[in-house]
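Report on the structure
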Amino acid sequence: MNSRTECIEKLTSGSFDVLIIGGGITGAGIALDAASRGLKTALIEKNDFAWGTSSRSTKLIHGGLRYLKQLEFGLVKEVGSERAIVHKLAPHLVIAEKMLLPLKEGRGFGTLLTSFGLKLYDWLAGVKEADQRKMLTRQQTLKHEPLLKTEGIKGGGLYAEYRTDDARLTLEIIKTALAYHAVAINYVEANAFHYVDGKVSGVEATDQVTKKSFYIQANLVVNATGPWVDQLREKDKSKTGKTLRLTKGVHIVVPREKLPVKQAIYFDVPDGRMIFAIPRGRTTYIGTTDTDYTHNIDEVVTSTEDAAYLIDAVNDSFPSVHLSMNDIESSWAGLRPLIHEDGKSASELSRKDEIFVAPSGLISIAGGKLTGYRKMAERVVDMVAERYGRDDLIDCFTDKISLSENNFKDADAVHDFKQKLVEQLSPFGLSGYAAYLVDTYGRQAEEVIRQLSYINDADASARLARAELQYCVKHEMAISIRDFFIRRTGMLFFDMPRLLKVKDAILADMSEMMHWDAKQFQAERNRLEQAIREARITLRQAQGDTSRQG
């Protein structure tokens, strides 16, 4: 990535065909689609890339079985086919895993619906025969997951899902957009719109790092800010008609030994909702909740009430694990920017995306799912081309654009590369980190390894973390300590013990790299400690949850 100074020079030196506000998965997808089709494209994000919903999802590229119950066949078809495409584009980031769906008497999905739904997914997504859904007897289901409560189990389904790192996926899409000459920068906020003859012609923006303001000129502006969409519509005085309804989703993380499920599992709970428990590395994460949210959208945290709901759900279905609040190692809370529908509960709201076009020409997109980011982007860019009169644009081809440099051909190539890195890391005593590095950085993991030779540290884990920091600051625009520990490495969520071990060394290195003075250093330390407290749910208040689950 270019330096911040270079990015801002580019943003202020000319006019863009399209300016995207919002650096989550939706904005990233639009930037790649627009830039690859020949539009001069810019993207700004007021926080870090993927700061909001796009780093706080269930981290699955999945088909959405429950949408069949809502008769949203079009959505099922789209996300079913899209998950196979995204897996092909980034096989190191979108990883096929088996998901177990237990079937219970009088609860959850029926056997016929489950069998039909899973078969439909397999067909839509082009799943290989070896990975296609398999219906299980009661005995087979309990063998696949011995921890399940045996009472009421009548069978199950085993099917292929795809686990991802949502923040890393967003980042790789942005980096790929840069290869097509887009300009993207984090920590730049759009303060106000500029108009010519009543039409949006750009924005006044502020660099949150230097506090300097500047003007960005653009023929069209896209509002892809997720939960903040209505705030920007208000600035444009175009918040009319349909509006957002924000719902909060929480996940908790426990050590793997506390909930040692044999594979990912999607199970129902007494109130009728469905919950995931997904193994990841040394942890298992559990989620999600679904409650209306009316509090500060810039400060969304997990409350004890959220966590207790998930713990109770686990203990109901896995009675022998005896999970407690003390077992929670980390957590995250995010917001779903859904379209309001009268008379529907949070869980009943559609996950379909919608595009709003204001009289000013501001294009806003809301709703949607992580899995559908590419098709959402295609629809937005098609609209941009139509309104901008660019019928010369080529058709969308992001289904053929690999994400990340020197991408892998398939999952087998990812496996082979991991074995190669085991050998490269062995002299440093770090061979156990090979899978983590490839899952996180892909082939760029070799650049991280090259940094090891320049770092002296008796602690091998700290040495690796410091090498990762060098890469993330130089190549991925990480400028705060939380950027690194949350959205570049996921350490805050999935390896809290390692974070606590290396955080002082990372703070020292980052302070030197970013030229922080004593005040800035202390501020960064305080922000990290606050993030740790929030993840551990030590700020124990219920924030803005205005309904029960569901």
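These notes cover the structure that comes with them. Just so we're clear, the structure is a prediction, and the values are computed from it rather than from any experiment. The numbering scheme is per chain: residues are counted from 1 as the chain's sequence reads. Residues qualify for local features only when their pLDDT is at least 70, as the model is predicted, and side-chain atom pairs are given and counted only at 80 or more; totals for whole chains, interfaces and linings, by contrast, use all residues. Hydrogen atoms and water are omitted, and side-chain values are computed over all heavy atoms in the structure.

1. A word on the overall build of the protein chain
The line we're drawing: Elements are defined by DSSP. Helices are runs of H or I of four residues or more, strands are runs of E of two residues or more, and each kind is numbered from the N terminus. Between the two quantities, the radius of gyration covers C-alpha atoms and the globule rule is 2.2 Å times the number of residues to the power 0.38. Only heavy atoms matter for contacts: two residues are in contact if any of them lie within 4.5 Å across the pair. Here the Shrake-Rupley method, with its probe set to 1.4 Å, supplies the accessible areas, and only the displayed protein chains count as covering residues. Think of it this way: Lys and Arg go in the positive column, Asp and Glu in the negative one, and His and the chain ends go nowhere. Charge positions are represented by NZ for Lys, CZ for Arg, CG for Asp and CD for Glu.
When its secondary structure is counted, the protein chain shows 18 helices and 17 strands. The globule rule puts the C-alpha radius of gyration for 550 residues at 24 Å, and the 23 Å found for the protein chain is close to it. Along the three orthogonal principal directions, the C-alpha set of the protein chain runs to about 65 × 60 × 45 Å. For the protein chain, the proportion of contacts with a sequence separation of at least 24, taken over those separated by at least 6, is 72%. On the protein chain, roughly 21,800 Å² of surface is accessible, and the fraction owed to carbon and sulfur atoms is 49%. Between the centroid of the 74 positive side chains of the protein chain and the centroid of its 74 negative side chains there is a distance of 3 Å.

2. Remarks on the state of the cysteines
Put simply, the rule reads: Here, two cysteine sulfur atoms that lie within 2.5 Å of each other are counted as a disulfide. Note on exposure labels: buried denotes an accessible area under 20% of the residue type's maximum, exposed denotes more than 50%, and partly exposed covers the range between, all computed with a 1.4 Å probe on protein chains only.
Evaluated as defined, the whole model comprises zero disulfides. Between Cys-7, a cysteine without a disulfide, and Cys-472, which holds the nearest cysteine sulfur, the sulfur-to-sulfur distance is 17 Å. Given the relative accessible area of 3%, Cys-7 is considered buried.

3. Examining the environment of Pro-260
Among the secondary structure elements, Pro-260 is positioned in the loop between strand S10 (244–255) and strand S11 (264–268). Separated by 119 residues in the primary sequence, Pro-260 and Arg-379 place their C-alpha atoms 42 Å from one another.

4. Points about the packing of aromatic side chains
Operational definition: Note on aromatic pairs: the rings of Phe, Tyr and Trp (six-membered ring only in Trp) are paired at centre separations within 6.5 Å, and the planes decide the class, stacked below 30 degrees, edge-to-face beyond 60, tilted for the rest. By definition, being over a ring means that NZ of Lys or CZ of Arg is both within 6 Å of the ring centre and within 35 degrees of the ring normal.
As enumerated under the stated definition, the model contains 13 aromatic pairs in all. With a centroid separation of 5.5 Å and 50° between ring planes, the pair formed by Tyr-285 and Trp-332 is classed as tilted. On the criterion of sequence distance, the pair formed by Tyr-285 in strand S13 (residues 283–287) and Trp-332 in strand S15 (residues 330–339) is long-range, its members being 47 residues apart. In this pair, the class of Tyr-285 matches that of Trp-332, namely buried. Site record: aromatic cluster; members linked through ring pairs are Tyr-285, Trp-332, Phe-493 and Phe-494. Of note, Arg-280 hangs over the ring of Phe-494, and the distance from its end group to the ring centre comes to 4.0 Å. The ring of Phe-417 carries Arg-443 above its face, with NZ or CZ at 5.3 Å from the centroid.

Treat this as a map of the structure, not an account of what it does.
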